[in-house]
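Now for the letters of each chain:
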Amino acid sequence: MNLIRLALRELRIRGNQKMFSFFFVLNLSFGLFAFLTVVSLKLGLERAISEKSRESVGADLAVSARRDLTQEELKVLQDGLPKGSRASRTVQIFSMIRPNGQKRVRLAQIKGMPDDLPFAGSVELRVQGKVRAPFGGRLGQKVWIDQALSRDLGIERGGKILLGGKVFDVDDVIVEDSNQGSSFSAMGAKVMIGLGALEKTGLVGLGSISTRTWLAEVPMGQRSTDELQKLEDQLNQKLEDPAIRVRSHTNSAQESSRLFQYLSDYLGLVSLAALALSAFGVIFQFRRYLSSKIKGLAVLRSLGASSSQVLGIPLIQVLFLGTLSGLLAGWAAQLAAIPLEAILEPLSPYPFRAVWASSQWVLAIAVGTLGAAFFVIPELLRLLEIPVSELFRESRMEKESTPFRPWAYLPMLFGWTALAVMTARSWKVGLLFSLAVLFTGFLVAVLGRWVTRWASLISFFQNSLVLRIAFRRMTRSPGATRLAMITVGVSTMLMNLLPQLRNGIESELADQGGSGGPGGRPALFLFDIQDEQKQGVDHLVEKSGMTTVVSSPFIRSRLLSINGKAFEKEQVKNTAYRTREDEQEQGLRNRGINLSYRQRLTESETLVSGREFTETYKGEGPAEVSIEKRFADRLGLRLGDLLKFDIQGVDIDAKIVNFRRVRWSSFLPNFFVQFQEGVLNETPKTFLNALRGPEEAKNRFLDQLIEKFPNVSAVDVSEALRIFRNLVDQIRMAITWMAGSVLIAGVMTLSAMVRYDAASKTWQMNLFRVLGGTPKQVFSILALETVWVAFVGSLVGASLGFLVSFSFTVLVFEGEPAFSAQSAGVVISISVFLGLALAWIFGRGLSRRHPREILHQEGS
Amino acid sequence: MDRKERKDLAVEGLRKSFKTGSETIEVLKDVAFTAKAGEKIAIVGKSGSGKSTLLGLMAGLDRPDSGSIQVGDWRLDQMDEAQKTLYRRKSLGIVFQQFHLMPDLTAVENVLLPMELAGRADSSTIQRAHELLKQVGLSQRMYHFPSQLSGGECQRVAIARALLPEPELILADEPTGNLDDQNAKLISDLIFQMLENSGARGRKSVLLLVTHNEQLAARCDRILRLQSGVLSGS
Ligand SMILES: Nc1ncnc2c1ncn2[C@@H]1O[C@H](COP(=O)(O)OP(=O)(O)OP(=O)(O)O)[C@@H](O)[C@H]1O
Ligand SMILES: [Mg+2]
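Criteria and thresholds
- Residues numbered from 1 in each chain as written.
- Chains lettered and ligands numbered in written order.
- Predicted model: local features only at pLDDT ≥ 70, side-chain atom pairs only at ≥ 80, totals over all residues.
- Heavy atoms only, no water.
- Helix = DSSP H or I, 4+ residues; strand = E, 2+ residues; numbered from the N terminus.
- Buried < 20%, exposed > 50% of the residue type's maximum accessible area, 1.4 Å probe, protein only.
- Contact = heavy atoms within 4.5 Å.
- Areas by Shrake-Rupley, 256 points an atom, 1.4 Å probe, with all protein chains shown as cover.
- Axes fitted to C-alpha atoms, helices over the stretch in contact; angles between N-to-C directions.
- Parallel < 35°, antiparallel > 145°, perpendicular 65-115°, else oblique.
- Left-handed = near helix turned anticlockwise from the far one by under 90°.
- Nonpolar A, V, L, I, M, F, W, Y, C, P; charged D, E, K, R; others polar.
- Polar contact = N/O pair within 3.5 Å; in protein donor to acceptor, adjacent residues only side chain to side chain.
- pLDDT = per-residue confidence, 0-100.
- Buried area = accessible area lost by both parts, 1.4 Å probe.
- Salt bridge = Lys/Arg side-chain N within 4 Å of Asp/Glu carboxyl O.
- Near = heavy atom within 4 Å.
- Phe/Tyr/Trp six-rings, centres within 6.5 Å; stacked < 30°, edge-to-face > 60°.
- Lys NZ or Arg CZ within 6 Å of the ring centre and 35° of its normal.

1. Thoughts on the overall build of chain A
Phase 1 of the analysis: If you tally the helices and strands in chain A, you get 24 helices and 22 strands.
Phase 2 of the analysis: The proportion of buried residues among the 860 residues of chain A is 56%.
Phase 3 of the analysis: The long-range share in chain A, meaning contacts at least 24 apart out of those at least 6 apart in sequence, stands at 82%.
Phase 4 of the analysis: Roughly 35800 Å² of accessible area belongs to chain A as shown, and the carbon and sulfur atoms make up 58% of that amount.

Now the structure itself:
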């Protein structure tokens with residue numbers, strides 16, 4: 001108790017202690033703040049998912065497929081559900097709709113709802129107000145359209161729309177729908193209609209892109225997450241076809257918010273980096289603090305204080321300041337979550353609010369105190385290793401000369417890596433990230449030392465005293481220089497990594513449905529063109545002044561085996577904690593595979609390895625296939641592997657002859673698996689066409705298309721692109737926010753270092769002036785040191801940013817490395833400029849100090 | 001000023017006070033003295049009497065409230081900062097009680113530092129720096145850093161540093177205050193001995209030595225006592 005009082009009183013009383021406390025808390029709480037903010041957003045989303053997922057799916061369990069279930073499969077489903085369950089089927093298709101008597105058309109997602117669905121959730125209608133489940137019965141022959149559609153097409157309640165050649169009354173406009181479905185409906189607006197009415201249009205089954213979903217409700221008391229998970233596993237196992245997906249409402253919500261989760265995972269990592277940078281600052285402050293107190297502590301020891309008593313005081317102080325930082329950071333995180341929430345909400349399929357629960361206070365204080373303790377323990381241990389006799393020598397004590405114990409940093413490292421893995425929800429990403437930061441720190445330290453030594457040798461031959469003194473200082477007491485360089489290096493590395501992060505997330509986004517990008521993209525994208533309609537559509541294209549860029553056959557299949565080994569549907573792992581890798585694996589395996597055939601590559605494809613197709617298939621041996629590179633990587637495919645596909649009931653063998661990279665953003669139809677010509681030409685199929693043409697030709701064409709081929713759907717690329725761009729902008733903002741926090745943490749830490757460095761030099765610089773040095777020379781020495789640290793640190797950091805970015809690309813994102821030398825140059829210049837600015841801010845005072853102080857100063 | 005009457009060092013009517021809050025401490029009230037080249041003057045006085053303050057004024061580190069300080073051709077009370085810097089480079093050597101060596105420079109580099117700042121570190125100067133270090137008995141320690149030297153050794157380096165430029169004025173503020181008796185004796189012997197030697201080579205320096213040590217003071221040509229802000233001679 002006495003010790004505690006002593007420790008706290010010391011913090012309160014002495015001036016330089018107050019400064020120490022202030023900067024310690026500032027540094028640590030900022031690092032914690034970014035991390036806590038992300039945690040609070042993530043919890044918010046998690047809570048939204050757990051509260052809303054049932055309403056969002058409209059049932060406990062959803063079984064979806066792109067075809068009708070067979071009698072046997074239906075029976076399996078019936079038998080698999082617990083007694084007292086109910087199940088019913090909805091159908092979703094994409095189709096063009098148009099207000100009766102008008103020319104404007106829009107692609108819409110049409111949902112056919114039977115009378116008894118959904119089992120949960122509600123819709124908010126403009127005129128009729130809130131309608132609770134089940135509301136399918138209210139629809140009948142009428143439709144509800146969503147707000148966007150109502151606005152775009154100018155239809156209200158009482159209007160009429162044309163769907164599949166039939167006219168329907170618009171009964172109301174949906175203002176809000178708890179039934180969200182997939183996360184990004186870039187594909188079109190929504191229309192709800194009675195299932196019977198939809199089936200009568202004849203659109204269902206005509207096109208390929210229709211989804212049937214059996215919604216099931218299990219009896220009360222059997223709806224826990226665990227029970228539903230078990231049910232999901234069992235049904236997935238029994239319904240073998242990978243084209244059939246069984247999902248509990250929780251898992252379904254998890255999947256649809258995946259993109260958002262990736263984003264928040266990465267934001268979390270970046271915030272951890274900010275925490276690491278702050279840690280450097282904290283360690284540095286503490287080291288300086290200790291060295292100012294070392295004599296006092298030595299006196300205590302010589303008076304018979306035990307080592308725990310000696311260490312107790314600074315440790316108690318640090319724990320106290322850690323708690324304070326945690327509280328401050330928690331408070332700031334609550335405030336910051338509000339704007340960040342606004343940035344991120346459009347990316348989330350669910351409306352959510354950042355959550356701040358009492359458990360987060362515990363987290364804040366725990367990370368604050370434990371973090372602070374972990375950071376300073378190595379320094380405290382070093383203190384113990386200085387022999388007491390040494391402490392009494394009036395000559396300077398070289399703290400650097402105490403042995404370096406790397407293991408003392410291990411708890412800090414482990415703790416941080418664990419946080420990184422948890423935050424990224426991925427071993428690979430978390431470890432890679434942690435390693436990248438560690439490696440950068442290490443390399444910056446080693447290279448920085450080495451380069452500085454060489455530079456100091458060169459400066460020796462240069463007849464410049466200022467240069468020589470500056471470099472001599474850096475080589476003689478490298479500790480402070482090293483830490484500052486690491487700070488600059490790690491922040492530069494992270495800044496250079498951010499474009500990579502953005503690219504990764506954007507490509508993830510492109511994979512999920514939307515896609516876009518500049519460069520000769522088509523105006524329209526047609527799908528569901530039936531074999532026998534192809535000629536007619538082509539004719540219509542020509543007549544209306546459009547051109548077909550690419551027309552790709554589209555065939556559904558199942559992958560049966562790889563090199564004779566059965567390719568089975570993976571079970572959803574029954575753990576609460578799933579990693580990114582698990583999710584990716586599942587996403588792939590459970591999907592049916594869409595195929596196409598084509599002899600040559602399109603303009604959006606490049607060959608990565610292997611050879612082009614020989615010629616048209618001659619009917620002997622396995623057919624040749626080309627596989628998209630990322631797809632191949634995920635399934636671990638190699639050139640020459642033999643694949644067996646089930647294509648509409650026929651088994652077909654194929655051999656991989658090449659891998660290709662696809663620029664998905666081209667918006668041209670592309671496929672993971674592409675056959676050579678002559679194998680599938682006779683198979684029943686549909687076509688995907690990409691069209692180009694001027695605006696009025698497009699409108700003319702759409703007008704005719706809906707009349708002549710009501711089942712063919714068209715996506716307006718510019719519309720999809722707009723939605724995509726919006727999402728990308730939101731992501732950019734979120735990442736910029738995080739980049740800002742890294743920058744601030746770095747600058748904060750660096751300025752602490754420069755400030756202390758300047759202060760520690762006061763005496764030396766006074767002496768220098770007494771001996772005839774000018775204030776300008778004094779400033780030059782300090783500026784030279786900071787600029788050198790900033791330059792070398794950022795140069796090494798930027799180079800490593802490139803390396804790390806490259807390895808992330810290869811190991812995680814599987815895209816192109818996004819690194820621009822230009823932005824690296826900018827970051828290096830900024831860093832050098834910052835170094836100069838900090839030297840100016842803190843060095844100005846130093847060179848202006850009055851050198852007469854030297855007469856009353858003790859040497860260091 | 002009349003050329004013939006010109007002294008090598010002349011201080012007249014020097015006043016210096018410090019303000020701390022509302023209080024004003026009059027440290028130097030009317031200090032005056034002169035010295036000829038080669039003269040060695042001891043300044044004694046109680047702690048807090050203003051000895052260091054006087055040295056600070058003589059070094060151009062501080063500005064007097066009134067009065068004049070002339071060292072050789074320099075009029076310290078009329079010079080700006082840049083000129084004072086030049087004065088310190090060319091005409092001043094200082095030895096402190098706390099040694100005050102640059103910790104990141106070796107012994108010989110420390111000795112050379114003022115000459116380098118003045119841009120006069122040619123090869124003959126470097127040679128002389130080595131010689132001086134040999135004279136103070138540090139021929140084996142030239143490339144050691146201050147942290148590797150004992151207190152007495154540090155002070156010997158500081159003496160060599162003060163002497164190398166053959167300044168017109170050498171200020172020493174209790175140069176033996178931090179040393180044991182044996183080392184103090186060694187250092188004071190060195191100071192006097194080397195001042196003699198340097199006299200033979202060229203300009204003779206004036207030594208202003210602040211000390212509490214009676215024996216050391218007695219070896220000087222004159223002893224001046226600082227009391228109640230006034231300097232009285234003997
Ligand atoms: N910058 C300052 N501000 C206020 N008072 C000062 C300042 N410098 C010196 N003094 C005061 O002036 C007086 C003379 O100080 P000085 O250091 O010259 O004494 P000294 O004779 O060298 O003493 P000592 O023998 O202990 O070194 C002291 O009372 C001191 O407190
Ligand atoms: Mg004094």
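Having seen the structure, we can now continue with the description.
2. Focus on the packing of helix α4 (residues 123-135) of chain B against helix α5 (residues 151-163) of chain B
Residues and elements named next belong to chain B.
Phase 1 of the analysis: Closest axis-to-axis distance for the α4/α5 pair is 9 Å, and the angle between their directions is 140°. Classed by the angle they form, the pair α4 and α5 counts as oblique. Crossing angle aside, the handedness with which α4 passes α5 is right-handed. Contact residues: R128, L132 and L133 in α4; V157, A160 and L163 in α5.
Phase 2 of the analysis: Of the residues contributing to the contact of α4 with α5, the split by class is five nonpolar, no polar and one charged.

3. Side note on the side chain of R769(A)
Phase 1 of the analysis: Looking at the secondary structure, you find R769(A) in helix α22 (residues 762-770).
Phase 2 of the analysis: Classification of R769(A) by relative accessible area gives buried; the value is 6%.
Phase 3 of the analysis: Side chain to side chain, R769(A) and E81(B) meet in a polar contact 3.3 Å long.

4. Here's the deal with the confidence of the model for chain B
Phase 1 of the analysis: Of the residues in chain B, 95% have a pLDDT of 70 or more, and the chain-wide mean is 87.
Phase 2 of the analysis: Scored by ipTM, the complex comes to 0.82, with pTM at 0.70.

5. Quick notes on the interface of chain A and chain B
Phase 1 of the analysis: Listed as interface residues are 30 residues of chain A and, on the opposing side, 28 residues of chain B.
Phase 2 of the analysis: Here chain A packs against chain B, burying approximately 2900 Å² in sum over the two surfaces, 59% of which is carbon and sulfur.
Phase 3 of the analysis: On the surface where chain A and chain B come into contact, there are three salt bridges.
Phase 4 of the analysis: Between E116(B) and R468(A) there is a salt bridge; the shortest N-O distance is 2.7 Å.
Phase 5 of the analysis: Counting every contact that joins chain A to chain B gives seven residue pairs in polar contact (both at pLDDT 80 or more).
Phase 6 of the analysis: Of all the secondary-structure elements, those providing two or more residues to the side of chain A that touches chain B are α15 (465-476) and α22 of chain A.
Phase 7 of the analysis: Here the side of chain A that touches chain B is composed, by residue class, of 11 nonpolar, nine polar and 10 charged.

6. Examining the environment of S21(A)
All names here are of chain A.
Phase 1 of the analysis: For S21, the position within the fold is in helix α2 (residues 15-57).
Phase 2 of the analysis: Since its relative accessible area comes to 11%, S21 is described here as buried.
Phase 3 of the analysis: Sequence separation between S21 and L321 is 300 residues, and the spatial gap between their C-alpha atoms is 6.9 Å.

7. Brief notes about the site of ligand 1
Phase 1 of the analysis: For ligand 1, the set of nearby residues contains 15 residues, the closest of which are S47(B), G48(B), K51(B), S52(B) and T53(B).
Phase 2 of the analysis: Chain contributions to the surroundings of ligand 1 come from chains A and B.
Phase 3 of the analysis: G48(B) has a polar backbone atom sitting 2.8 Å from an oxygen atom of ligand 1.
Phase 4 of the analysis: T53(B) has a polar side-chain atom sitting 2.5 Å from an oxygen atom of ligand 1.
Phase 5 of the analysis: For ligand 1, the accessible surface in isolation is 640 Å², of which the surrounding protein chains cover 70%.

8. Some thoughts on the pattern of salt bridges
Phase 1 of the analysis: Within the structure shown, the criterion is met by 27 salt bridges over all chains.
Phase 2 of the analysis: For R89(A), the salt bridge goes to E199(A), with nearest N and O atoms at 2.5 Å. In this pair, R89(A) sits in strand β2 (residues 86-99) while E199(A) sits in helix α6 (residues 195-200), placing the two residues 110 residues apart along the sequence.
Phase 3 of the analysis: Residue classification places R89(A) among the buried residues on the basis of a relative accessible area of 18%.
Phase 4 of the analysis: Judged by relative accessible area, which is 37%, E199(A) ranks as partly exposed.
Phase 5 of the analysis: Among the ionic pairs, K16(B) bridges to D62(B), the shortest N-O distance being 3.6 Å. Residue K16(B) is located in strand β1 (residues 9-20), and its partner D62(B) is located in the loop between α1 (51-58) and β4 (66-71); the two are separated by 46 residues in the primary sequence. You'll find K16(B) and D62(B) in the same group, each marked buried.
Phase 6 of the analysis: Members of the salt-bridge network, linked through shared partners, are R54(A), D60(A), R86(A) and E217(A).

9. Re the packing of aromatic side chains
All names here are of chain A.
Phase 1 of the analysis: Following the criterion strictly, the structure yields 12 aromatic pairs over all chains and no others.
Phase 2 of the analysis: When the centroid spacing of 5.2 Å and the interplanar angle of 80° are considered together, the rings of F22 and F23 count as edge-to-face.
Phase 3 of the analysis: By relative accessible area, F23 is classed as buried at 18%.
Phase 4 of the analysis: Between W356 and W361, the aromatic rings sit 5.3 Å apart at their centres with planes inclined by 80°, giving edge-to-face as the arrangement.
Phase 5 of the analysis: Three or more aromatic residues joined by ring pairs make a cluster, and in this case those are F20, F24 and F286.
Phase 6 of the analysis: For K534, the ring lying beneath its charged end belongs to F687, and the centroid distance is 5.1 Å.
Phase 7 of the analysis: Taking NZ or CZ as reference, K629 lies 6.0 Å from the ring centre of F659, over its face.

10. Details of unusual backbone geometry
Peptide bonds are, in most cases, trans, and in most cases residues other than glycine have a negative phi.
Residue and element names in this part refer to chain B.
Phase 1 of the analysis: One non-glycine residue, E166, lies in positive phi territory at about 50°.
Phase 2 of the analysis: Within the element layout of this structure, E166 appears in the loop between α5 and β7 (169-173).
Phase 3 of the analysis: Phi at E174 is positive, roughly 45°, even though this residue is not glycine.
Phase 4 of the analysis: Looking at the element boundaries, E174 is found in the loop between β7 and α6 (181-201).
Phase 5 of the analysis: A residue is classified by how much of its surface remains accessible, and E174, at 15% relative accessible area, is buried.

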